[in-house]
Amino acid sequence: MTTNDHTLANSGTTGDTATTAEYAPEHTPRLNWAQHAPDVYRAMVRLDAAAGRGLDSKLRELVKIRASQLNHCAFCLDMHTKDALAAGESVERIVQLSAWEESRHFYTEKEAAALELTEAVTVLTEGFVPDEVYERAAKHFDEAELSQLIAAIAVINAWNRFGVTTRAVPGHYQPGQYS
């Protein structure tokens, strides 16, 4: 039995009978935008690769996961949590990521600064990235690395917008599938 069957055999039993829960069916994607805009898709893949250069792979995945959480992109969450685990990230740090400010002790100061910058760039509630957020990030990243981080944040936000707009279906991604 797989999750694609939309059922789950629970580990608990009632007497000698295992209980089974029915999952909701997968939604249908609205559009396979990559198929219909292949030049844009290929440019995004190249931009994503360029934006990630020089950044630690675990940090890059944490940033992608956090932005995807904020943007409610289930497809990207599926992809980047699996890629983070494949890169050696811990389940504990991934689980705590949505509440990282209350779980700061799971992250380095550099990672916390990157996560804070990710949130500021992703959710422009004030219409700009606050100076203090930028300055904290600038303390931990040299200008070249900070430039790459900003690019990586911008790119995952673009991917998220493609994913949520076209209703990309999560659950089928395999780590490194698009590498």
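Our subject is the structure that appears above.
Predicted, not measured: the structure shown is a model, and the values here were computed from it.

A. Layout of the layout of surface pockets. What the largest pocket holds in volume is close to 850 Å³. Around the largest pocket, the lining is made up of 31 residues, and of these Tyr-41, Phe-75, Met-79, Trp-159 and Tyr-178 lie nearest the centre. Contributing elements (two or more residues each) for the lining of the largest pocket: α1 (33-36), α2 (38-52), α3 (57-71), α4 (74-86) and α8 (143-166). Tallied by class, residues from the lining of the largest pocket come to 17 nonpolar, 9 polar and 5 charged.

B. Region of the structure containing the packing of aromatic side chains. A full pass over the atoms with the stated rule returns 7 aromatic pairs. Here the aromatic rings of Tyr-173 and Tyr-178 are separated by 5.6 Å at their centres, their planes lie at 35°, and the arrangement is tilted. The class of Tyr-178 is partly exposed, set by a relative accessible area of 43%. Among the aromatic residues, those joined into a ring-pair cluster are Trp-33, Tyr-41, Trp-159 and Phe-162.

C. Local environment of the pattern of salt bridges. Evaluated as defined, the whole model comprises 8 salt bridges. One salt bridge connects Asp-78 with Lys-82, and the closest N-O pair in it is separated by 2.9 Å. Of this pair, Asp-78 and Lys-82 are both found in helix α4, 4 residues apart, which corresponds to roughly one turn of the helix. We note a salt bridge from Arg-93 to Glu-111, for which the minimum N-O separation is 2.7 Å. One end of the pair, Arg-93, is in helix α5 (residues 91-96); the other, Glu-111, is in helix α6 (residues 109-122), with 18 residues separating them in the sequence. Each of Glu-89, Arg-93 and Glu-111 takes part in salt bridges that share partners, so that together they form one network.

Conventions used here
Residues numbered from 1 in each chain as written. Predicted model: local features only at pLDDT ≥ 70, side-chain atom pairs only at ≥ 80, totals over all residues. Heavy atoms only, no water. 1 Å grid on protein atoms, 1.4 Å probe; cavity = no way out; pocket = protein on both sides within 12 Å on 5 of 7 lines; lining within 4 Å. Points joined across faces, edges and corners; volume = space filled by probe spheres on them. Helix = DSSP H or I, 4+ residues; strand = E, 2+ residues; numbered from the N terminus. Nonpolar A, V, L, I, M, F, W, Y, C, P; charged D, E, K, R; others polar. Phe/Tyr/Trp six-rings, centres within 6.5 Å; stacked < 30°, edge-to-face > 60°. Buried < 20%, exposed > 50% of the residue type's maximum accessible area, 1.4 Å probe, protein only. Salt bridge = Lys/Arg side-chain N within 4 Å of Asp/Glu carboxyl O.

In short, the description is geometric, and any link to function would need to be established separately.
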